[in-house]
Amino acid sequence: MIEILKEMFSFTFLVNAVIVGALVSICAALLGVSLVLKRYSMIGTGLSNVGFGSLAIATALGMAPLSLSIPVVIAAAFLLLRLSENSKIKGDAAVALVSTSSLAIGVIIVSVTTGMNTDVCNIMFGSILVMNRADVHLSIVLSIIVMVLFILFYHKLFAITFDETFAKAGGVKTGLYNMLIAFLTAVTIVLGMRMMGAMLISALIIFPALSSMRIFKKFKSVTICSGIISILCFFTGVVISYLYATPTGASVVGVNIIVFVLFWFFEVIRRRKHG
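Residues numbered from 1 in each chain as written. Predicted model: local features only at pLDDT ≥ 70, side-chain atom pairs only at ≥ 80, totals over all residues. Heavy atoms only, no water.

Enquirer: Quick question: what am I supposed to make of the nonpolar core here?
Expert: Across soluble globular proteins, you tend to see nonpolar side chains buried next to one another. Ranked by internal contacts, the top residues of the largest apolar core, which has 72 residues, are Leu47, Leu80, Leu157, Ile160, Met196 and Leu204. By residue number, the principal contributor to this core is helix H2 (residues 12-37), which donates 14 residues. If near-sequence neighbours (up to four positions away) are discounted, Leu157 is found in contact with Phe150, Tyr177, Leu180 and Ile181. Membership of the second largest hydrophobic core comes to five residues, among which are Cys225, Ile229, Val255 and Val259. (Core = buried A, V, L, I, M, F, W, Y, C linked by side-chain atoms within 4.5 Å. Buried < 20%, exposed > 50% of the residue type's maximum accessible area, 1.4 Å probe, protein only. Helix = DSSP H or I, 4+ residues; strand = E, 2+ residues; numbered from the N terminus. Contact = heavy atoms within 4.5 Å.)

Enquirer: Hey, could you run me through the side chain of Ser143 in this one?
Expert: Within the fold, Ser143 resides in helix H7 (residues 133-152). In this structure, Ser143 is in contact with Leu23, Val24, Cys27 and Leu191, ignoring residues within four places of it in sequence.

Enquirer: Help me understand a nonpolar patch on the surface, please; the structure alone is not making it clear to me.
Expert: A grouping of Ile257, Val261, Trp264 and Phe265 is seen on the molecular surface, where their side chains present a nonpolar patch of about 360 Å² in accessible area. Mapped onto the elements, Phe265 comes out in helix H13 (residues 248-274). (Patch = residues over 30% accessible without salt bridge, like charges linked within 9 Å, V, L, I, M, F, W, Y side chains within 5 Å. Areas by Shrake-Rupley, 256 points an atom, 1.4 Å probe, with all protein chains shown as cover. Salt bridge = Lys/Arg side-chain N within 4 Å of Asp/Glu carboxyl O.)

Enquirer: Explain the environment of Val73 here, please?
Expert: In this fold, Val73 is placed in helix H4 (residues 65-85). By relative accessible area, Val73 is classed as buried at 0%. Separated by 109 residues in sequence, Val73 and Ala182 place their C-alpha atoms 9.7 Å apart. What Val73 contacts, discounting residues up to four positions off in sequence, is Leu47, Val50, Gly51, Ser54, Ala186 and Val190.

Enquirer: Mind showing me how you'd approach the pattern of salt bridges here?
Expert: Pairing is possible between side chains of opposite charge, provided their charged atoms come close. Under the criterion given, the structure shown has four salt bridges. The salt bridge involving Glu164 is made with Lys38; its shortest N-O contact spans 3.0 Å. Of this pair, Glu164 sits in helix H9 (residues 164-169) while Lys38 sits in the loop between H2 and helix H3 (43-61); the two residues are 126 residues apart in sequence, bridging distant segments of the chain. Judged by its relative accessible area of 30%, Glu164 is partly exposed. Among the residues examined, Lys38 registers a relative accessible area of 12% and is labelled buried.

Enquirer: Can you help me understand the packing of H2 against helix H10 (residues 174-196) in this one?
Expert: Two numbers describe a pair of packed helices, the interaxial angle and the distance between the axes. Direction vectors running N to C along H2 and H10 enclose 145°, while the axes themselves pass 9 Å from each other. Note on packing geometry: the crossing formed by H2 with H10 is left-handed. Residues Ala17, Val20, Gly21, Val24, Cys27, Ala28, Leu31, Ser34 and Leu35 of H2 pack against Ile181, Leu184, Thr185, Thr188, Leu191, Gly192 and Met195 of H10. Here the residues of the contact of H2 with H10 sort into eleven nonpolar, five polar and no charged. (Axes fitted to C-alpha atoms, helices over the stretch in contact; angles between N-to-C directions. Left-handed = near helix turned anticlockwise from the far one by under 90°. Nonpolar A, V, L, I, M, F, W, Y, C, P; charged D, E, K, R; others polar.)

Enquirer: It is not clear to me how H2 should be interpreted in this structure. Could you clarify?
Expert: Structural remark: α-helix, 3.6 residues per turn; residues separated by three or four positions point the same way. End to end, H2 covers 38 Å across 26 residues, agreeing with the expected 38 Å (1.5 Å per residue, within 8%). Its maximal kink placed at Leu31, H2 deviates by approximately 30°. Burial runs high along H2: 19 of the 26 residues are buried. Of the residues flanking the end of H2, it is Arg39, one or two places downstream, whose phi is positive at about 60°. (Expected span 1.5 Å × (residues − 1). Bend = angle between axes of the 7 residues up to and from the residue.)

Enquirer: Can you help me understand the packing of aromatic side chains in this one?
Expert: To describe a pair of aromatic rings, one takes the distance between the centres and the angle between the planes. The tally for this structure, following the rule as stated, stands at eleven aromatic pairs. Measuring from centroid to centroid gives 5.8 Å for Phe11 and Phe13, while their planes differ by 50°, and the two rings are tilted. Given the relative accessible area of 35%, Phe11 is considered partly exposed. When the ring of Phe153 is compared with that of Tyr177, the centres are 5.7 Å apart and the planes differ by 55°; the resulting orientation is tilted. With a gap of 24 residues between them, Phe153 in the loop between H7 and helix H8 (154-162) and Tyr177 in helix H10 connect regions that are remote in the sequence. With relative accessibility at 29%, the residue Phe153 sits in the partly exposed group. Of the aromatic side chains, those joined through ring pairs into one cluster are Phe150, Tyr154, Phe158, Phe162 and Phe219. (Phe/Tyr/Trp six-rings, centres within 6.5 Å; stacked < 30°, edge-to-face > 60°.)

Enquirer: Help me understand the state of the cysteines, please; the structure alone is not making it clear to me.
Expert: A covalent bond bridging the sulfur atoms of two cysteines is what the word disulfide describes. Within this structure, the stated rule accounts for zero disulfides. The closest cysteine sulfur to the non-disulfide-bonded Cys225 is located on Cys233, 9.9 Å from its own sulfur. On the basis of relative accessible area, Cys233 is assigned to the buried category, the value being 2%. (Disulfide = S-S within 2.5 Å.)

Structure representation (structure tokens):
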């Protein structure tokens, strides 16, 4: 195993992938707990489809993908938040509205642009080969910013996650912190999409949180466990991808599925023992 790891880390692109992937996995796991508890988990899928559309446009125009995708997805996250607050358009309908519109725009751009087949495949399902040095540096900086902001405002995010009405009555600016969650989620989605793909990035948000909730019940414990699970699953998925030449994003999601099933079985067994 040590020899395999030495061989893997002799490739610069794999080192970059592991560093960025680990940071993005932590960010996704931390935010995933709040998103799942607030029933906003599908926002990941919606924003990833927005990211697909923006990346398709960036590729067609020959622009740097992240420079266009980050502001577009952040704007979409704020739009989703506003639409969700509108009583006429509920949260799931707002996600579906923005998601399908963005996906359609991306498909149209792809259909009228030649020579984009490989790029589209990378956008949809991810590739560890598409990240250049500038992408890596930007991803590291933004991931650190996301984690720092989450830690700084942890107690406020905890408050609006469990009882937003009570938090608002207590003087917490719930609108501001909901926008913060939307902003951090948007950045995380864009950073992870390059590696995981638009179709799979939301798994990094959902699975670790759901797995840790099978065992722990306290917010802090769930958050810490979710981060650990996310890193371990990502690293295991990268190793499997390297050994068996499987797609990186799909391999990471596959490991997350196995972990979720194991944790679910453990919860069932524990309930029967106490039942």
